[in-house]
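Survey of secondary and tertiary structure
Each chain, letter by letter, is given below.
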Amino acid sequence: DGPLPWHMVAAVPRILSDALPFLEETAARYGDVVPFPMNGRPAVLVDGPAGVRRVLQDNHRGYGKETIQYTSLALVTGAGLLTTDGEVWRAHRRAVQPAFHRDTLAHVAAESVRAAGLVREEWDAAPGRVVDVDDVLMRATLHVVGRTLFGADLVDGGAAEGHRLVGAVHEALEVVMRRATRPWTAPPGVPTPTARRLTRSRATLDEACAAMVRSRRAQREPGHDVLGLLLASGMTDGEVRDELVTLVIAGHETVAASLTWTLRLLAEHPEVVARVHAELDAVLGDGTPGSAPDGTPGSAPGGTPGGTSGGTPGGTRSVTWQDVARLPVVRAVVDEGLRLYPPAWVITRRALADDVVDGVPLPAGTLVILSPWVHHRRADLWPDPTRFDVDRWLGEPAGGRREGYIPFGAGPRLCIGRDFAVVESVVVLAELLRDRTVAPAGPRPGVVASVTLRPRGGMHLAARPRRPVPP
Ligand code: HEM
């Protein structure tokens, strides 16, 4: 309440340069709805549960996406699901939603096993090898999006092609971030070096999308995946392109970032990894004869089928879609990782009309900033908030769906890929950990709050084989 203290005005540039600690301190100090002056227009940080609910859920129609965050992103994605609102958004969401059904999730699980294989191969290249998991996971998650949503080998077409596409996404997002955080950037169209990078990376993304559309049009059946639904929906080529780029961007870096941070947390918490191992052994079998609950004999690679010398940990088979619901500890690891490192660390809206949020009147045009990073660190919602504590989630009936938990947003604009991301994360983690543990190489990297939360300098982790299960 009352005028903003002068030192907050002076601190405003920190929103752009040092966003996470700034937002955290601000919410902790000034409460649930904090006004900011930003570029001469009213802006607020909304962090109280009632305010978050009001903006994302109860009065969601009163807010639009005309914000710096989304107009910058639209330079790359165009008018896709993430950046549009109103009728266009509603029609496109209706067109795309059916592709995120159960069959797709089973497909996601199968492709996630292959994605995990890419990381395992990197570790297996030499004993004790330290791998930048952030780098490999970016390609691995792109593989999953490509195969499951578009039936396309975005990475398998050749590592070089995968790198090129990942590189283009990165370059494009970096430019987006520069534009979003430097209001004095030249307007679109002025041929600065940054604008040229944007043009170049957009061209790579456009090419990849056009190739996917061409190859699908050459087939007789459009198919039931996203690409098929988009082509059958009557959208223009431009609209299809925008949704494809949106899904490539929204669907891979977020999952990669979340897995990267979660693996780091696990590397720091061997006691949690031990619980994951126990759960995986119970579900997949531990390689000892008859240990697999589905009756498969102990036939783990390198195991001792029928022998008496004990099993090789790691189970008798790969993780499947049916296993996901039987792995509550792995699921809790995913939920807790997303709580502490929510890749989408900021969500913004523009008030379309006057509103009252948590008792504070907001004039039409106000920029509303919500931050899952800050919200997930509220001590009133999360006791001992910075502790990595998977027990917060165990015993919860509907894992990961509780008030105050907004890694995927909330309300009608809830992430369309939430179940996709959870299935992928559970399967990748289970596949990576079933026969090994992870170990940190160096201190936990700093967080770069870019379009997603990135580890400064990468995420370097080693893997060690688990000890054999005693007979
Ligand atoms: C929307 C986070 C994975 C596609 C969102 C939003 C958040 C989010 C917070 C809401 C943004 C807002 O309200 O302004 C995440 C996180 C992910 C993830 C943390 C992984 C851990 C995915 C995946 C896909 C995807 C795998 C697709 C395959 C989308 C799309 C939207 C969206 C299309 C816009 C939905 C709409 O407004 O209708 N995501 N996401 N996301 N996400 Fe995700």
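Note: the structure precedes this text.
The following paragraphs examine the structure supplied in this document. Each chain has its residues counted from 1, running along the sequence as written. A pLDDT threshold of at least 70 governs which residues receive local features in this predicted model, and a stricter bar of 80 or more applies before side-chain atom pairs are shown or counted, although totals over entire chains, interfaces and linings include all residues. Values reported for side chains reflect all heavy atoms of the structure, with hydrogen atoms and water molecules removed beforehand.

Examining the overall build of the chain
The following threshold applies: Secondary structure is summarised from DSSP: a helix means a run of H or I of at least four residues, a strand means a run of E of at least two, and numbering begins at the N terminus for each. Note on contacts: a residue pair qualifies if any of its non-hydrogen atoms lie within 4.5 Å across the two residues. Here the open area of atoms and residues is found with the Shrake-Rupley method and a 1.4 Å probe, where only the protein chains shown may cover a residue.
Counting its secondary structure elements, the chain contains 17 helices and twelve strands. Counted over contacts in the chain with a minimum sequence separation of 6, partners at least 24 positions apart contribute 72%. Carbon and sulfur atoms provide 56% of the accessible area of the chain, an area that totals close to 19800 Å².

Observations regarding the coordination of the iron atom of the ligand
Here is the rule: Coordination shells were defined by N, O and S atoms within 2.8 Å of each metal, extended to 3.2 Å for Na, K and Ca; water is absent from the atom set, which can make sites look incomplete.
Looking at the protein side alone, the iron atom of the ligand has one donor only, Cys415 (SG), at 2.3 Å. With respect to the helices and strands, cysteine 415 occurs in the loop between α16 (372–375) and α17 (418–433).

Let's talk about unusual backbone geometry
Glycine aside, the phi torsion of most residues is negative, and most peptide linkages are trans. Worth spelling out the cut-off: Partly exposed describes any residue whose relative accessible area lies between the buried limit of under 20% and the exposed limit of over 50%, with all areas from a 1.4 Å probe on protein chains only and scaled to the type maximum.
Even without being a glycine, aspartate 358 presents a positive backbone phi close to 55 degrees. As for its placement among the helices and strands, aspartate 358 is situated in the loop between β6 (355–357) and β7 (360–362). Since its relative accessible area comes to 35%, aspartate 358 is described here as partly exposed. In this model, aspartate 384 sits at a positive phi of 50 degrees, which is unusual for a non-glycine residue. Within the secondary structure layout, aspartate 384 lies in the loop between α16 and α17.

Comments concerning the site of the ligand
Rules: To be near a molecule or strand, a residue needs just one of its heavy atoms within 4 Å of it. As used in this structure description, the phrase polar contact means that two N or O atoms lie within 3.5 Å; if the pair is within protein, one of them must be able to donate a hydrogen and the other to accept it, and residues adjacent in sequence are counted only when both atoms belong to side chains.
Lining the immediate environment of the ligand, one finds 27 residues, of which Tyr70, Trp89, Arg349, Arg413 and Cys415 sit closest. One nitrogen or oxygen atom from the side chain of tryptophan 89 is found 2.6 Å from an oxygen atom belonging to the ligand. Alanine 250 is positioned with one of its backbone polar atoms (N or O) 3.4 Å from a nitrogen atom of the ligand. Every element with two or more residues in the shell around the ligand is listed here: α6 (86–96), α12 (237–268), β5 (347–351) and α17.

Let's talk about the packing of aromatic side chains
Stated precisely, the cut-off is as follows: A pair of aromatic rings is counted whenever rings of Phe, Tyr or Trp (Trp by its six-membered ring) have centres within 6.5 Å, and the orientation is called stacked for planes under 30 degrees apart, edge-to-face for over 60 and tilted otherwise. By definition, being over a ring means that NZ of Lys or CZ of Arg is both within 6 Å of the ring centre and within 35 degrees of the ring normal.
Tallied over the entire structure, the rule returns six aromatic pairs. Seen from their ring centres, tryptophan 261 and tyrosine 341 are 4.2 Å apart, and the 0 degrees between their planes marks the pair as stacked. With tryptophan 261 in helix α12 and tyrosine 341 in the loop between α15 (328–340) and β5, this residue pair connects regions lying 80 residues apart in the sequence. Residue classification places tyrosine 341 among the buried residues on the basis of a relative accessible area of 6%. Members of the aromatic cluster, connected to one another through ring pairs, are Trp261, Tyr341 and Trp373. Against the face of tryptophan 373 rests arginine 377, its NZ or CZ located 3.5 Å from the ring centre. Cation over ring: arginine 402 sits above tryptophan 393, and NZ or CZ is 4.7 Å from the ring centre.

Some points on the sheet that holds strand β12 (residues 460–465)
Our working definition: By the convention used here, strands pair only if DSSP detects at least 2 bridges between them. Only the stretch in contact is used when fitting a helix axis, every axis being a line fitted to C-alpha atoms; angles between N-to-C directions are given from 0 to 180 degrees.
On the basis of which strands lie adjacent, the open sheet formed by three strands has the order β4-β12-β9 and antiparallel pairing. Where the open sheet ends on each side, the last strands, each with one partner, are β4 (130–132) and β9 (436–440). Mean inter-strand twist for the sheet, computed between neighbouring axes without regard to direction, equals 40 degrees. In the sheet, β4 pairs with β12 via three bridges, with the strands oriented antiparallel. By the bridge assignment for β12, aspartate 132 is matched with histidine 460. Here helix α7 (residues 102–124) sits on the sheet in contact with β4, β9 and β12, set at roughly 70 degrees to β9.

Quick look at the packing of helix α8 (residues 133–150) against α17
Let me state the cut-off plainly: Angle categories are assigned with fixed cut-offs, so that under 35 degrees is roughly parallel, over 145 is roughly antiparallel, 65 to 115 is roughly perpendicular, and the rest are oblique. Left-handed describes a crossing whose near helix is turned anticlockwise from the far helix by less than a right angle; the clockwise case is right-handed.
Interhelical geometry of α8 versus α17 gives an angle of 130 degrees and a closest axis separation of 12 Å. If you check the angle between α8 and α17, you find them oblique. Considering only the axes of α8 and α17, their crossing is right-handed. On α17, the residues that touch Leu137, Thr141, Val144, Val145, Thr148 and Leu149 of α8 are Phe420, Glu424 and Val428.

Focus on the pairing of strand β8 (residues 367–370)
The side-chain alternation of β8 yields two buried faces, one formed by Leu367 and Ile369 and the other by Val368 and Leu370. Direction of pairing for strand β2 (residues 41–46) relative to β8: parallel, over a ladder of three bridges. Pairing of alanine 43 across the sheet is with leucine 367, part of β8. Where β5 meets β8, four bridges bridge the pair, whose relative direction is antiparallel. Bridge assignment links arginine 350 to a residue of β8, and that residue is leucine 367.

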